[in-house]
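# Geometric and topological summary
Spelled out, the chains give:
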Amino acid sequence: MDAERSTALRTAFADEVLRTVDASSVAIVADDLTVTFGQLVELVAQRQDELALEERSVVVLGGRPSLEWVVTYLALLRDRHVPLLAADRTDDLVAVWSPAVVVSIGDGEVGIERRPSPAGRILHPDLALLSSTSGSTGSPKLVRLSHVNLLSNARAIADYLHLGPSDRGITSLPLHYCYGLSVLHSHLLVGASVVLTEASVVEPCFRSILLDHGVTNVAGVPHTFELLERVGAEQLHVPTLRFMTQAGGKMPSEAVVRWLDRAEEWGCEFFVMYGQTEATARMAYLPPALARRHPSAIGKPIDGGQIRLERDYVARADGVRSDGVHDEGEIIYRGPNVMMGYAINNDDLALGSTVEELRTGDLARFHPDDGVYEIVGRSSRFVKPFGLRIDLDGVERELRSVLDTAEVAVSGDDDGLVISAPGAHHDTIVSTVRKRTGLPIGHIAVDTTTPIPRTASGKTDYTAIDRRAADPSSTTTSATDIVGHVLGRIDVSPHDTFVSLGGDSLSYIECSIRLEAALGHLPSDWHLCPLGSLQHERRPRLIARIDTTVALRAIAICLIVSTHMHLAFLPGGAHLLLAVVGYNLSRFLLPIEPVGARSRAAARTAARVAIPTIAWVAIGTMLGSTYGVGTLLLVNNYTGPASHTLDHWHFWFIEVFIHVLVVLSVLLAVPQVRHLERRFPYAFPLALLGVLLVLRMEWAWMGDWYNLRFRTHGVAWLVALGWLVNRSDTQGKRVVTAALCVLTISDYFGYAPREWLIAISLLILLAWREIPVPRIAVRPLALLASASMWIYITHFTIWPPLVDLLGIEGAYLPTLIGGIAVGVIIDRIVDVGRSVVSRRDVTSARSPEREGGSCNSDPLACNPDHRQASLANNGTRRENPISSPTLSCALDNAPSNHHRSNI
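Residues numbered from 1 in each chain as written. Predicted model: local features only at pLDDT ≥ 70, side-chain atom pairs only at ≥ 80, totals over all residues. Heavy atoms only, no water.

Looking now at the sheet that holds strand β10 (residues 193-196). Here we have four strands laid out as an open sheet, ordered β2-β1-β10-β9, and mixed in their pairing. Unpaired on one side and paired on the other, β2 (33-36) and β9 (168-170) mark the two borders of the sheet. Across this sheet, the average inter-strand angle for adjacent strands is 20°, counted without regard to direction. Here strand β1 (residues 26-30) runs beside β10; their pairing, made up of three bridges, is parallel. When the sheet's bridge partners are listed, I28 is paired in β10 with V194. (Pairing = 2+ DSSP bridges. Helix = DSSP H or I, 4+ residues; strand = E, 2+ residues; numbered from the N terminus. Axes fitted to C-alpha atoms, helices over the stretch in contact; angles between N-to-C directions.)

For any two helices packed against each other, the geometry comes down to the angle between their axes and how far apart the axes lie. In contact at an axis separation of 9 Å, helix α25 (residues 731-745) and helix α26 (residues 752-767) are set at 170° when each is read in the N-to-C sense. Between α25 and α26, the angle falls in the class roughly antiparallel. Residues R734, T737, A738, C741, V742 and I745 of α25 pack against E755, I758, A759, L762, L763 and L766 of α26. In terms of residue class, the contact of α25 with α26 is made up of nine nonpolar, one polar and two charged. (Parallel < 35°, antiparallel > 145°, perpendicular 65-115°, else oblique. Contact = heavy atoms within 4.5 Å. Nonpolar A, V, L, I, M, F, W, Y, C, P; charged D, E, K, R; others polar.)

Time to look at the pairing of strand β25 (residues 416-420). Among the five residues that make up β25, five are buried, leaving the element largely enclosed by the rest of the structure. Where strand β24 (residues 409-413) and β25 come together, five bridges link them in antiparallel fashion. In the strand pairing of β25, G412 is matched with L417. Between the end of β24 and the start of β25, which pair antiparallel, lie two residues. Where β25 and strand β26 (residues 444-447) come together, four bridges link them in parallel fashion. Counted as the bridge partner of I419 is V446 from β26. Since β25 and β26 lie parallel, the crossover through helix α12 (residues 426-437) that links them has a hand, and here it is right-handed. (Buried < 20%, exposed > 50% of the residue type's maximum accessible area, 1.4 Å probe, protein only. Right-handed = clockwise from strand over helix to strand, strands pointing away.)

This paragraph deals with the environment of P288. With respect to the helices, strands and loops of the structure, P288 is situated in helix α10 (residues 288-291). Measuring from C-alpha to C-alpha, the distance between P288 and F270 comes to 6.1 Å, with 18 residues separating the pair along the chain.

A word on a nonpolar patch on the surface. Judged by side-chain polarity, I614, V629, L632, L633 and V635 come together as a nonpolar surface patch covering roughly 390 Å² of accessible area. Structurally, L633 can be placed in the loop between α19 (629-632) and α20 (636-639). On the basis of relative accessibility, which here comes to 58%, the residue L633 falls in the exposed class. (Patch = residues over 30% accessible without salt bridge, like charges linked within 9 Å, V, L, I, M, F, W, Y side chains within 5 Å. Areas by Shrake-Rupley, 256 points an atom, 1.4 Å probe, with all protein chains shown as cover. Salt bridge = Lys/Arg side-chain N within 4 Å of Asp/Glu carboxyl O.)

Attention now moves to the pattern of salt bridges. Following the criterion strictly, the structure yields 23 salt bridges and no others. Between R47 and E50 there is a salt bridge whose closest N-O contact spans 2.7 Å. You can see R47 and its partner E50 sitting in helix α2 (residues 37-51), three residues apart, about one turn around the helix. We classify R47 as buried; its relative accessible area is 4%. Connected through shared salt-bridge partners, R308, R334, E356 and E357 make up one network.

What follows deals with the packing of aromatic side chains. How two aromatic rings sit relative to each other is given by the distance of their centres and the angle of their planes. Applying the stated criterion across every chain, the model contains 20 aromatic pairs. Between the aromatic rings of F225 and F270, the centroid separation amounts to 5.5 Å while the plane-to-plane angle is 85°, which identifies the pairing as edge-to-face. With a gap of 45 residues between them, F225 in helix α8 (residues 222-231) and F270 in strand β13 (residues 269-274) connect regions that are remote in the sequence. Ring geometry for Y748 versus F749: centroids 4.8 Å apart, planes at 80°, classification edge-to-face. Among the aromatic residues, ring-to-ring pairing joins Y627, F651, W652, F653, F710, Y792 and F796 into one connected group. Directly above the ring of W259 sits R262, whose terminal nitrogen or CZ lies 4.6 Å from the centroid. Lying over the aromatic face of Y179, R282 brings its terminal NZ or CZ to 4.9 Å of the ring centre. (Phe/Tyr/Trp six-rings, centres within 6.5 Å; stacked < 30°, edge-to-face > 60°. Lys NZ or Arg CZ within 6 Å of the ring centre and 35° of its normal.)

These figures come from the coordinates and say nothing about function on their own.
Here it is as structure tokens:
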């Protein structure tokens, strides 16, 4: 009987998850794939065969929230192995726990590293999962969880959230984190589905994923909802949303009320929840009906759970008061989801359950009328920023050991840590704290210059240290802090680069400005440098340095508007921008290796430029403009009339941009061509330039020399020239490219000022990747550069009525401002349109076959998200979903904060 029970415990959770009434229902949505439960069972069986472990083993599992991760995780559980979930620090885990296998989930690939495991190691038959306490605190102590723990907690969560097969969650939290993992568990257990993505909830494309895939619920920690309020809570407002959940730390009661109000307005629910990794995930939840009366409460115990305050007070899931007399005390929880115990070393893995109840360290008050609990403090020094439970005393002890001094005091709150260590090395403190806690550097305030404050009795005055958290001068201003803030990411480390974090060309502008203001100087290739290597190098306060392409884009769009308005005839801006497009294509789009990911990124960028242009042209036509069908189809530079004075030629630049992007994507999709481009990074665009120069010769004029400059084949050489400028990384190459800039541009347009404007601008870009400008000019230049697409599209329509009203001089600045404003309006219209479409087709959105993610873009930036998952190009077809990358999407050229879109 015991053997039968033991076997059931070992297999119950995986079997229950993979057992569903309808094998054809969707289980996982990953990238453009939908995987049914029947397919998931087959994939799990295949992964079991691939792992082929003879003995029950500990297996470290790390990587991205992908289909491969889920399949591997379920395969390990079903084969009775013990996954050890890793966010990072894999080497540390391997050193301590000696796993038999380390599985690393990459971009469409599964790395399986087999290692010798300790001889004679015993794993308790009930042991199912090993997880770091409360996410990842850097402690070697692990939580031991059983199959019963996993199953009971998933059932309880599904029960109070009323989850069913029609629900669809999303990985808004990491899967190695108990809260994020509980979303996967509870959904799959009841036959619901989960969308896998690495996108942050604040990225514009996250909303697109919600719409495209019919997501019904979103989970977040307090910081998640704080970020959403900064960028716009409407990010989550989609027709299919049924509820939102919050856990991972205490949310201020006023914030809870705001989200309750939004949920009521949107027709959904907002659940506050409470839990710890030691309780598998969840111990209590606050029913929305009670949340308004008790917005600071954690709620009632989950089904099957009991909460006792200190020793005398017990309240079961129904809230019935027992024989206690105290109404405040430490929360002590009992239930089937309480962990088996901690593991400090390998010997502990053989132990059965050593814990019957969980002392949480949280002090609570009970409200008997409604049967809910409210946390009023902590019995020990713990804080929980970003949902990471951090022991302040533990951090303090480790710093004393590392710094070899007793003069260390650590305090803080759920926003971050404040550290006082007089005379200690600042970088050592930050490095040690980041390694132990995983906190972003911007939430670690360090004071190494003033004495530790003391009370009258000589004890450390932690209250005085806490006051320093509110002092901006005590907070480190670093590259990691700044980039993390701009990109909305909390996982930035000094080893990351801007590109590796998925930065785009408009966030590049914002980061450049902020970094230059904080550090004083940036190298031209700072976006490729580890952020930790960017050091302070002060410059004169009145002078700043910005990326040269930012200045060129801003200047070019101003010249374009001036010329078209007849304010001052300064032609050449649009052709200069074509060269800038080539420069940015080489810098951001071309480095994406997998052909599928690169082609999808190019297609998204093309669509996000073409759609607003076509919409604007259509509106203009209805209002009386003389645009033709060729303009609507973005081919008018070939089909339109010869006269360049008509409306038909307004959008030739957009047409050329789209044509170049499409042709280049097709060309580089050919493996042999891509191989040549990667092997000969300078010679390839040089040869391409030579080919394109032939297309501007007389035989290709199409009987119309003047308009050759507006046709794709006649000006594509400028894109290649900009590409070549970017690839000129040695002095010799720069000399050759400089000569080509002068020779190819001279006498092409038949107007010397235009030619010299373009040539000199490219020579400046070739010589200086960044240029000094008055600090007061930085923000205006960045604003104009980031809004250049909208200004270009709209200025033809905006300036004529403004000239009638204000005169040419008076209309110039309002025309530029109007372009920015129209961009915001169009973004809102698109947002509403997507919501309407989603309401009409909610059913099809629940099992999409299309790729999610649609973000605002800019043809002059042309930078896809480098977080786009890489697809292993092994000839695999969609019938083999295990080879697909996870759903990832781009914050592709999202507007700067001056005109941010929530699309």
